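In case you want the letters, here they are:
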Amino acid sequence: MTKGPALMATTATPAPAPTEAAAHFRAALRFHTDVADVAAALATPGGPGFALLDSRSTHSWDQGHIPGAVHLPTALIPEQAPALLDRSVPVVTYCWGPGCNGATRAALALAELGYQVKEMLGGFEYWVREGFAYDTWRGPERRDADPLAAPVAGACGC
């Protein structure tokens, strides 16, 4: 088998040792969650065990947001978080989607204030693309799941 440029680029930097890789991925799971896990937690009787925070602008919030989320734009976190969030409850942040680092900035601001925090990968974009209901200024909405982003039937198995 010949090595093409893509294969060479993939292996140019060797993969880490399994123990190093395990430590990295274990740590990543401490900092991130995903849309499907958040949706499952929100549907749990008795509540999810965390506060869900939408860090986008009011215009974006009105366009669509996850039901039950707290709206707190990132710039307002230092002054308003203590009145809106219980420091003893972990917070999961989200923003628009994978092309936006607003949830990361919000998570940093909350961590610097002493909150336990995770970031929801995929953001609002993947919430909608995976077919979950959302609220808008007009009321509740839902779109069919995008088969490129969500399983067509049942769970993805990951």
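To keep things clear, this report deals only with the structure shown in the data block. (Residues numbered from 1 in each chain as written. Predicted model: local features only at pLDDT ≥ 70, side-chain atom pairs only at ≥ 80, totals over all residues. Heavy atoms only, no water.)

### Brief notes about the pairing of strand β2 (residues 51–54)
- Because side chains alternate across β2, one face comprises the buried residues A51 and L53, and the other comprises L52 and D54, equally buried.
- Sheet topology places β2 next to strand β4 (residues 91–94); four bridges connect them, and they run parallel. Among the inter-strand pairings, D54 is bridged to a residue of β4, identified as Y94.
- Note that β2 and strand β3 (residues 70–71) share two bridges and pair parallel. (Buried < 20%, exposed > 50% of the residue type's maximum accessible area, 1.4 Å probe, protein only. Helix = DSSP H or I, 4+ residues; strand = E, 2+ residues; numbered from the N terminus. Pairing = 2+ DSSP bridges.)

### Describing the packing of aromatic side chains
- A full pass over the atoms with the stated rule returns three aromatic pairs.
- Pairing W96 with F124 gives two aromatic rings, centres 6.0 Å apart and planes at 75°, and the pair type is edge-to-face. With W96 in the loop between β4 and α6 (102–112) and F124 in helix α7 (residues 123–129), the pair connects residues that are 28 residues apart, well separated along the chain.
- Judged by relative accessible area, which is 31%, W96 ranks as partly exposed.
- What makes F124 buried here is its relative accessible area of 6%.
- Between F124 and Y134, the ring centres sit 5.4 Å apart and the planes meet at 90°, which makes this aromatic pair edge-to-face. Taken as a pair, F124 in helix α7 and Y134 in strand β6 (residues 134–136) lie far apart in primary sequence, 10 residues in all. Side by side, F124 and Y134 carry an identical accessibility label, which is buried.
- One aromatic cluster is present, built from ring pairs that chain together W96, F124 and Y134. (Phe/Tyr/Trp six-rings, centres within 6.5 Å; stacked < 30°, edge-to-face > 60°.)

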